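A closer look at the structure
What follows is the residue order along each chain.
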Amino acid sequence: MKDATGYTRESEILYEGGRIPGLGLKPETVPCFLTTAFVTDSLSEVQEVTKQKGYTYIRTANPNRTVLAQAISYLEGGAGSLIFSSGMGAITTTLIALLAPGDHVICNADIYGETFETMTKVLGKMSIDVEFMDLGDLAAVKKAIRPETKMIYTEVISNPTLALADLKSLAAIIHETKGLLMVDNTFTTPLAIRPLDFGADLVMNSLTKFLNGHSDAMGGSITAKTEIIDKIKPFSMLCGTPGDPFSSWLIYRGLHTVELRVPKQMATAAKLAKALQTNKHVITVNHPSLADYPQRQLADEMFIDKGCSAMLSFCVAEDREKIDKFMERLHFAHYAPTLGGIRTSLSHPVTSSHYNVPDDIRRQRGITPGMIRVSVGVENADDLINDFMQALEIFN
Ligand SMILES: Cc1ncc(COP(=O)(O)O)c(C=O)c1O
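Residues numbered from 1 in each chain as written. Predicted model: local features only at pLDDT ≥ 70, side-chain atom pairs only at ≥ 80, totals over all residues.

Tracing the backbone through its elements, the reader meets F303 in the loop between helix 11 (296–302) and strand 9 (311–315). Owing to 20 C-beta atoms within 10 Å, F303 belongs among the buried residues under this scheme. Taking the C-alpha atoms as reference points, F303 and I152, 151 residues apart in sequence, are found 21 Å from one another. With sequence-adjacent residues up to four places away left out, F303 is seen in contact with A192, I193, P288 and C308. (Helix = DSSP H or I, 4+ residues; strand = E, 2+ residues; numbered from the N terminus. Buried ≥ 20, exposed ≤ 12 C-beta atoms within 10 Å, placed from the backbone. Contact = placed C-beta atoms within 7 Å.)

To continue, consider the sheet that holds strand 10 (residues 334–335). Taken together, five strands build an open sheet; the order of strands is 8-9-12-11-10 and the sheet is mixed. One side of each edge strand has no neighbouring strand; the edge strands of this open sheet are strand 8 (284–286) and strand 10. Taken together, the three bridges between strand 11 (residues 345–347) and strand 12 (residues 371–375) define a ladder with antiparallel strand orientation. Along strand 12, the bridge assignment pairs L346 with V374. (Pairing = 2+ DSSP bridges.)

One open sheet holds the seven strands; their spatial order is 1-7-6-5-4-2-3, and the pairing between them is mixed. Across the chains shown, the open sheet's two edge strands, defined by having one partner strand only, are strand 1 (80–84) and strand 3 (129–133). Averaged over all neighbouring strand pairs, the angle between strand axes comes to 20°, with direction disregarded. As judged from the five bridges shared by strand 2 (residues 104–108) and strand 3, these two strands associate in the parallel manner. Residue pairing across strands places V105 opposite V130, the latter belonging to strand 3. (Axes fitted to C-alpha atoms, helices over the stretch in contact; angles between N-to-C directions.)

A separate point is the pairing of strand 2. In terms of residue burial, strand 2 counts as a mostly covered element, since four of its five residues are buried. Considered for its hand, the β-α-β crossover made up of strand 2, helix 5 (residues 113–125) and strand 3 is right-handed. In this structure, strand 2 lies alongside strand 4 (residues 149–155), joined through four bridges in parallel fashion. Looking at strand 4, one finds that C107 is bridged to Y153. (Right-handed = clockwise from strand over helix to strand, strands pointing away.)

Cis rather than trans, the peptide bond between N159 and P160 has omega equal to 0°. Within the secondary structure, P160 is located in the loop between strand 4 and helix 7 (167–175). In the Ramachandran plot, K178 falls in the positive-phi region, its phi being about 65° despite a non-glycine side chain. Along the polypeptide, K178 turns up in the loop between helix 7 and strand 5 (180–184). Of note in this structure, S215 is not a glycine but carries a positive phi near 55°. Topologically, S215 is positioned in the loop between strand 6 (202–206) and strand 7 (220–224).

Close contacts around the ligand come from 14 residues, with S86, G87, M88, S206 and T208 the closest. Of the residues assigned to the shell around the ligand, the class counts are four nonpolar, eight polar and two charged. (Near = placed C-beta within 6 Å. Nonpolar A, V, L, I, M, F, W, Y, C, P; charged D, E, K, R; others polar.)

So, about the packing of helix 4 (residues 87–98) against helix 8 (residues 226–239). In the contact formed by helix 4 and helix 8, the axes pass within 9 Å of each other and the chain directions differ by 120°. As the angle between them shows, helix 4 and helix 8 are arranged oblique. Both helix 4 and helix 8 take part in a crossing whose hand is right-handed. For the pair helix 4 and helix 8, the contacting residues are T93, T94, I96, A97 and L98 in the first and K231, I232, F235, S236 and C239 in the second. (Parallel < 35°, antiparallel > 145°, perpendicular 65-115°, else oblique. Left-handed = near helix turned anticlockwise from the far one by under 90°.)

Here the focus is the domain arrangement of the protein chain. Examined at the domain level, the protein chain breaks down into domain 1 (61–255) and domain 2 (259–395). Here domain 1 and domain 2 have C-alpha centroids that lie 25 Å from each other. Each partner contributes residues to the interface: domain 1 has 21 residues there, and domain 2 has 32 residues. Looking at the side of domain 1 that touches domain 2 residue by residue, the classes come out as nine nonpolar, nine polar and three charged. (Domains from an automatic or database assignment.)

For the rest of this paragraph, the subject is the nonpolar core. L170, L181, A200, L202, A269 and L312 are the most contacted members of the largest nonpolar core, which totals 98 residues. If you tally residues by element for this core, the top one is helix 10 (residues 258–277), at seven residues. The residues that make up this core include at least three from each of domain 1 (61–255) and domain 2 (259–395). Residues contacting A200, with those up to four places away along its chain left out, are L167, A171, L181, V183 and P195. (Core = buried A, V, L, I, M, F, W, Y, C linked by C-beta atoms within 7 Å.)

Okay, structure coming up:
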């Protein structure tokens, strides 16, 4: 069947409605640009768009990634950001882009398990020498620096013991040899600390966590000065790790309530940590807000505004049966292999993130089979505390 244009319905239905009228209008919210490409009407326009670094193909650029990158740069106080398909996409692409065979990297021994595997498996294949150290020992870090040391890598606070990395001192050490300090801010978020302000050169966030906050999208970001971003961007395109428009749109949407969610989550975590410390069934509690936190002075210097983290961990008796019952008794917190959502979640490091770490090394770090890690949500603080307290009664 041919229509008025002289073409068939078979062809026309692909284009009908495809030209959006009024695109010059300003929608009240950023729409989701679910398109793999942007069309151009002439070769001259193709040339112009390419020259302006405009939108052509989805992997190269997409408006939803652009606006999310702007928002993350704003939060982290950086010149530019790249948006990736996941936190791991951000980390792996960045390391591949910035390091070369023969380079030496000093990495915090206490890092996220899959970051550890990237360091050993991916960088190992590239003949990059990664040395895992306790970054708390600054004299040892200084001693380990060699002419080929190109990077120090750390998380702001470690998982699950919440030990702090002294970013200012680490930046000073690595800058002496013109190397880079790369920092993972996932557990802390830019609401608690902006690592670039402490001398870091690159800051990474798993957007899958607190910044999106709704446990429904995966993404990652890198924020740095323009010359570093420009080095990483081509590798992101080649590795195929840029974020997709829909995830970027969801995360951008989630990000708009970050100021309402995360400071509340951090304040509730501090209250819960304090309450847990007073419970007779709790052996230890780890949270940087506590008066007896081992790095109290450093924490006071580093976290000055909205809190320190909505993550905490605590240890109870090493009794699997009772831990199971404790988890079953909890009304709010649920076990989930993620963190940063609006609902409180739990994990058990010994059977998850630290399963492959030998027991003696885990115990040296204070990680026992009785340890529970908590990602605090936006529930009412008293409700949450009361719920934990009633569930802990199982240890009587
Ligand atoms: C501290 C930290 N960094 C990086 C990642 C990786 O993020 P993604 O799962 O978005 O790849 C995670 C994931 O849990 C994490 O906890």
